[in-house]
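# Commentary on secondary and tertiary structure
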Amino acid sequence: MATCGVGAPGGASPGKTLVIRPEIDAPATHPTVDAPSWLEPGAIAIEHAPTLDAASERSPGHAHGAAGDGRPAGSMQDVPVRRVAQFVLLEHIGAGGMGEVFAAFDDKLERKVAIKLVATQASGDRARQRLLREAQALARLSHPNVVTVYEVDALPDGGLFIAMELVKGQTLRAWQRGRAWRDLVATYAAAGRGLAAAHASGIVHRDFKPDNVLVGDDGRVRVADFGLAFAVNDAIEPPAPGASGVSGAPEAHGADPAAPPARGLTVEGRFAGTPGYMAPEQLACAAVDARADQYSFCVALYEALHGERPGAEPVGPRRGEPAPAYPRWLGDLVTRGLARDPAERFATMDALLAELTRSRARTRRWILAAGATSAVITAAAAAVALRGQAGPPPCPLATDELTGVWDAATRQRAGAAILGTAAPFAATMWASTAAAFDRHAERWLDAQHAACEATHVRHVQSADLLDRRMECLASRRRALAAAAEVLQHQPAQAVTHAGELLGSLGDLEPCANTGVLLQLPGRDTSPAGAATRARAAAVRQQLARATAILVAGDVAGADPAVAKAEGLAANLDDDAVRAELLYVQGRIKLARDDVAGSKAMFDRAGALAVSSRHDELQPDLWLTLAVNAGTREQRPADIEHWLVQGEAWVHRLGHVGDSRSIAVEHARGNLHYTAGNFAAAVAALTRAIDAGEALWGKTDPRLIELLRDRAAAEAGLRQARPAVADGERALALGLASWGPSYPDIARSRRALGLLYIEQLGDVPRGEHEIGLALEVFRASLGADSIEVANCEQALSQARYYRADYAAALEHAERAERIFAARLEPQHTRRGEALVGLGVLRFMRKNLTGSLAAYEAAYPILQTALGARHPHVGILLSNMGETELALGRTGPARAHFAQALDVLQEQLGPDHADLALPLKGLGLSHLSAGRAAEAREPLERALALRTGSAATSDPQELAEIRWGLARTLSTLSRDPARARALAEAALAGYVGLGDEWQARVQEITRWLKRFGPR
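## Brief notes about the overall build of the protein chain
- Counting secondary structure elements, the protein chain contains 39 helices and eleven strands.
- In the protein chain, which comprises 1013 residues, the share counted as buried stands at 57%.
- Accessible area for the protein chain stands at about 39,400 Å²; split by element, carbon and sulfur atoms hold 53% of it.

The structure is reproduced here in structure tokens:
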């Protein structure tokens, strides 16, 4: 009997599974060892520095301290490889502050990790609890520039283990040798963003140095080895003043920090850290805050620039020495960060990074480049050069154009607003979002500068074409301004829709496609034309605001901006603007589930776009329908029509790096999935993911939905390991970008939980992920949200796999009540929920209720998916099974035959799901007294369920074996095999629990009558 859920059946499932994704808008990390090339073996350890700690093994749990036999503690690299929790220690790969580091394998999530074993040096619970809290805070910190901590837990002796990502790359110290100052600044800025994210989460590193920063082979910079020693030693009384050694006594303040006892050594006492990089207040055992990390950061940056750490003298070139080969502003910045008084440093790490990365350096570079070419541009410029006068560059960096759009003040206000929401994931979300907006603004400046130079420096572009490119860039600036406005003024909505806001910024590549821009109608340069363009710009600014508000989830809030746009557009003779207005109005209708109204708006917008030659709008119109309206209604014919139109326009425009080509493959993948062609869906979604990785990078959160969708399609093909690998990678990307409490993370957790259950048969792990998702959705969306219903449906699936049908039915009923209250009567999701109710009522022996649920679901799914869809075929088989149990042999046989026809056509002759109607046909023949006709379908069903490609399904196997045993007995054929089949069926039913006691007793009585072997 098929149940409800995400993905396809697999693993150790007790029953058939209807392949359903519990998302309305779209289908449904850690990498496994069989994951794609983004996870590579042979990664380096995340810790490198030597340590004063000693540890040894006295149990399989790698407890720290003296050995169980009383021998002294020794280095753990000499002990045999053992296990810590679910982690199998493979090899010793290094040591870091406070512990030894091992490469390990997580045999639950099937991934390589690094395990750090930390021994507490203080006795008592206070030190251990402080250490554990500090490590758990690190585990909650998720940022692209911080090494990911997967798990933290205590060891029996009071130490703890930390499971972290295993990174392939090198330390920053190794990477930075011989690098140019610009490269050093860019890389240190990335490390600084990791520190800033930690500070935003209330974590101070306390031991920042180049050895504790990794530069991965993927180019990503990660800060590692946070100062856990401070947490341990905080419980120890401070040493007496004047104590000898590097203890952190006040006398140490005057020591030469450039000469620590051992290079890279983590010194322990009242303080923890590396003296050569420690701030004066840290050495003096004074209060330490995030500004101590800023000092360490500037020591490390100075060292990278000069080849040695700064001494006690002021920073800067010594008398008689040449100035270092970097600009003075950089030296001034480092000098300020190295101030002895923390109050004289930058207020925050963010403030330091803003100064380190602001466009001053870029402007200087471009001014110099422009100056080098100015002598050949015009005779006047040459004359200025000969007179020794430096004229302004023809194309200065137009930073002023982003003033008030995305500048330091705007960024600060947005950050304060987002962090002010107090959302548990706000700090992580803000760090990722700010970095993404920074990159987009940087690219916008590059594009604006390139457009200017094409006309005024390289002379390869007309002034008219420059105007067209600048107008295109102006539209992207409006989108950036609108998104930044939402961040500042609607942070409660923005904090949960960061990915959508990033997507609303639009691609910059079309603004460089001169071939398309030249096809646009000529501009009216008269005063009246200029006035029209100004009004059009005002309308488009309001439409940009409406779009940003809409993607942030505030549908009602978008209405006032659209109303303002309508007022400004009144009597405006510009079909292109009116087309854009209709498009936004159609998107709002679509957000309100008014699919018919949105299509009418899009049709009118398309006609106006044609008349105005507004080609850029065409693919947006068609692909919005294909991706959104098509997913809501799941009508393959509609999706295919919209997709063909959108793809044709994308190809016609021919933009290099057009993200709409990714949307095309995404929509095509959903189309194939909806039609039940899972192999084609996997192929299309793989193309989308490959294109997304090339355009956005392999860690961009926009890949998450693509990965979830491909996992669902792979599950449909019984490709368990690839499906779970994609699900885990989707979760990992989300955790890195947004943190564990972000709502979209909950979607990934729910989808992954069902994959664990259905593909791997790992019900406990699946229930854990689904439970975490449910908590997030209840807290963020409310107890009666659709997402909560989806989680209830997923938990129903989990209880079904446990054969706890009563609890499964309770979850399914709760889900169905929410769907009934929140969705239209004919919505596909309601049909899926009704199928789940039918399954569980059948298992609870409520046969009339089961058939009623199926009969209510059938017209919904048939209309939405088509009569030949595999899901409809499985539903027909379920209906036949219930009718057979009710004694309606004729209707049951007809439904089984119809289901077999559909599934065989759609899935092929060897698909395991064909066993469902084949078993039903066999049992219906047997029930009607036609044992000879029953044997062939039952034999075929058994072969499909026990073949090499079949998944374990105890209930189905038990039913098939019991039916075939009775058939052979009735035919007086092969009694030994009949008995063996009955005994195997009996064992299967016993394993299914108390629900099947009646069947167990029936087979037991039959075997007694059958006689001894």
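## Some remarks on the sheet that holds strand 9 (residues 221-223)
- Taken in spatial order, the three strands of this open sheet run 7-8-9, and their pairing is antiparallel. At either margin of the open sheet sits one strand with a lone partner, and together these are strand 7 (169-171) and strand 9. Across the sheet, the mean angle separating the axes of adjacent strands is 25 degrees when strand polarity is ignored.
- Where strand 8 (residues 213-216) lies against strand 9, three bridges are found, and the strand directions are antiparallel. Along strand 9, the bridge assignment pairs Leu214 with Arg222.
- Relative to strand 9, helix 3 (residues 181-200) is tilted by about 40 degrees, and along the sheet it contacts strand 8 and strand 9.

## Points about unusual backbone geometry
- Its identity is not glycine, yet Arg206 carries a phi of approximately 75 degrees, on the positive side.
- Along the chain, Arg206 falls in the loop between helix 3 and strand 8.
- Its relative accessible area of 9% is what places Arg206 among the buried residues.
- One non-glycine residue with positive phi stands out, namely Asn571, at about 65 degrees.
- Among the structural elements, Asn571 can be located in the loop between helix 18 (555-569) and helix 19 (575-591).
- A relative accessible area of 79% means that Asn571 is categorised as exposed.

## Here we look at the pairing of strand 6 (residues 160-165)
- Where burial is concerned, most of strand 6 is hidden: six out of the six residues are buried.
- Inspection of the sheet shows strand 4 (residues 111-118) paired to strand 6 by six bridges, in the antiparallel sense. Counted as the bridge partner of Leu117 is Phe161 from strand 6.
- As judged from the five bridges shared by strand 5 (residues 149-154) and strand 6, these two strands associate in the antiparallel manner. Paired with Ala154 across the bridge in strand 6 is Leu160.

## Considerations on the state of the cysteines
- What the rule picks out here adds up to two disulfides.
- The side chain of Cys395 participates in a disulfide bridge whose partner is Cys452; the two sulfur atoms lie 2.0 Å from each other. Across the S-S bond linking Cys395 and Cys452, the dihedral sits near -85 degrees, which makes this disulfide left-handed. Of this pair, Cys395 sits in the loop between helix 10 (379-386) and helix 11 (408-419) while Cys452 sits in helix 12 (residues 426-456), placing them 57 residues apart in sequence.
- Overall, Cys395 belongs to the buried group, its relative accessible area being 4%.
- What makes Cys452 buried here is its relative accessible area of 10%.
- One disulfide bridge connects Cys472 with Cys511, the sulfur atoms lying 2.0 Å from each other. The S-S bond linking Cys472 to Cys511 shows a torsion near -75 degrees; that makes this disulfide left-handed.

## Focus: the packing of aromatic side chains
- This structure, assessed with the given rule, holds 13 aromatic pairs.
- Ring centres of Trp406 and Trp430 lie 6.3 Å apart, and the angle between their planes is 55 degrees; this geometry places the pair in the tilted category. Linking Trp406 in the loop between helix 10 and helix 11 with Trp430 in helix 12, this pair joins segments that are 24 residues apart in sequence. Judged on exposure class, the residue Trp406 and its partner Trp430 are both buried.
- Put simply, the rings of Tyr188, Phe208 and Phe297 touch in pairs and so form one group of aromatic residues.
- Against the face of Phe346 rests Arg336, its NZ or CZ located 4.1 Å from the ring centre.
- Its end group placed over the ring of Trp996, Lys845 keeps NZ or CZ at 5.3 Å from the ring centre.

## Here we look at helix 11
- Across its twelve residues, helix 11 extends 16 Å between first and last C-alpha, which sits within 8% of the 16 Å expected from 1.5 Å per residue.
- Within the sequence span of helix 11, burial applies to Thr410, Ala414, Gly415, Ala417 and Ile418. The buried side chains of helix 11 occupy one side of the element, clustering within an arc of 165 degrees when seen end-on. What points out from helix 11, more than 90 degrees from its buried face, is the exposed set Ala408, Gln412 and Ala416.

## Looking at the environment of Ala867
- Tracing the backbone through its elements, the reader meets Ala867 in the loop between helix 32 (847-865) and helix 33 (870-885).
- By relative accessible area, Ala867 is classed as partly exposed at 36%.
- Along the backbone, Ala867 and Val902 are 35 residues apart, and their C-alpha atoms lie at a distance of 8.3 Å.
- When sequence neighbours within four positions are dropped, the list of residues in contact with Ala867 reads Gln862, Val872 and Val902.

## Section: the environment of Trp406
- Trp406 gets classed as buried once you look at its relative accessible area, which sits at 7%.
- Expressed as a C-alpha distance, the spacing of Trp406 and His440, which sit 34 residues apart in the sequence, is 9.8 Å.
- Dropping the residues within four chain positions of it, Trp406 is found in contact with Arg411, Ala414, Trp430, Ala434, Phe437, Asp438, Ala441, Leu480, Ala484 and Leu487.
- Side chain to side chain, Trp406 and Asp438 meet in a polar contact 2.8 Å long.

## Topic: the pattern of salt bridges
- Scanning the model with the defined rule gives 50 salt bridges in all.
- The closest approach of N and O atoms between Arg702 and Asp700, which form a salt bridge, is 2.9 Å.
- Of the charged contacts, one joins Arg802 and Glu767 as a salt bridge, the two residues approaching to 2.6 Å between their closest N and O atoms. Here Glu767 lies in helix 28 (residues 763-781) and Arg802 lies in the loop between helix 29 (786-801) and helix 30 (805-822), a separation of 35 residues in the sequence.
- Taking the relative accessible area as the measure of exposure, Arg802 reaches 43% and is therefore partly exposed.

## Side note on the packing of helix 6 (residues 290-306) against helix 7 (residues 328-337)
- As a packed pair, helix 6 and helix 7 sit with axes 8 Å apart at the nearest point and diverge in direction by 140 degrees. The orientation of helix 6 with respect to helix 7, classified from their angle, is oblique. Considering the relative orientation of helix 6 and helix 7, their crossing is left-handed. Contact residues: Gln294, Tyr295, Cys298, Leu301, Tyr302 and Leu305 in helix 6; Leu330, Leu333, Val334 and Gly337 in helix 7.

## Observations regarding the packing of helix 18 against helix 19
- Running from N to C, helix 18 and helix 19 cross one another at 160 degrees; their axes reach a closest spacing of 11 Å. The angle between helix 18 and helix 19 places the two elements in the roughly antiparallel class. Where helix 18 crosses over helix 19, the two elements pack in a sense that is left-handed. Contacts between helix 18 and helix 19 involve Val555, Ala558, Asp559, Val562, Ala565, Glu566 and Ala569 from the former and Leu581, Val584, Gln585, Ile588 and Ala591 from the latter.
- Here the contact of helix 18 with helix 19 is built from residues that sort into nine nonpolar, one polar and two charged.

## Quick look at the side chain of Glu767
- Take Glu767: its relative accessible area is 15%, and that puts it in the buried class.
- At a separation of 2.3 Å, a polar atom in the side chain of Glu767 contacts the side chain of Arg799.
- Those residues in contact with Glu767 that sit more than four places away from it in its chain are Ile757, Ala798, Arg799 and Arg802.

## Concerning the nonpolar core
- Judged by nonpolar contacts, the single largest core of 88 residues is most densely connected at Tyr800, Leu875, Trp962, Tyr989 and Ile1003.
- Setting aside chain neighbours within four positions, we find Trp962 in contact with Ala982, Ala985, Tyr989, Arg999, Glu1002, Ile1003 and Trp1006.
- If you look at the next biggest cluster of nonpolar residues, it comprises 76 residues, including Leu402, Ala414, Ala426 and Leu685.

How each quantity is defined
Residues numbered from 1 in each chain as written. Predicted model: local features only at pLDDT ≥ 70, side-chain atom pairs only at ≥ 80, totals over all residues. Heavy atoms only, no water. Helix = DSSP H or I, 4+ residues; strand = E, 2+ residues; numbered from the N terminus. Buried < 20%, exposed > 50% of the residue type's maximum accessible area, 1.4 Å probe, protein only. Areas by Shrake-Rupley, 256 points an atom, 1.4 Å probe, with all protein chains shown as cover. Pairing = 2+ DSSP bridges. Axes fitted to C-alpha atoms, helices over the stretch in contact; angles between N-to-C directions. Contact = heavy atoms within 4.5 Å. Disulfide = S-S within 2.5 Å. Phe/Tyr/Trp six-rings, centres within 6.5 Å; stacked < 30°, edge-to-face > 60°. Lys NZ or Arg CZ within 6 Å of the ring centre and 35° of its normal. Expected span 1.5 Å × (residues − 1). Arc of directions from axis to C-beta. Polar contact = N/O pair within 3.5 Å; in protein donor to acceptor, adjacent residues only side chain to side chain. Salt bridge = Lys/Arg side-chain N within 4 Å of Asp/Glu carboxyl O. Parallel < 35°, antiparallel > 145°, perpendicular 65-115°, else oblique. Left-handed = near helix turned anticlockwise from the far one by under 90°. Nonpolar A, V, L, I, M, F, W, Y, C, P; charged D, E, K, R; others polar. Core = buried A, V, L, I, M, F, W, Y, C linked by side-chain atoms within 4.5 Å.

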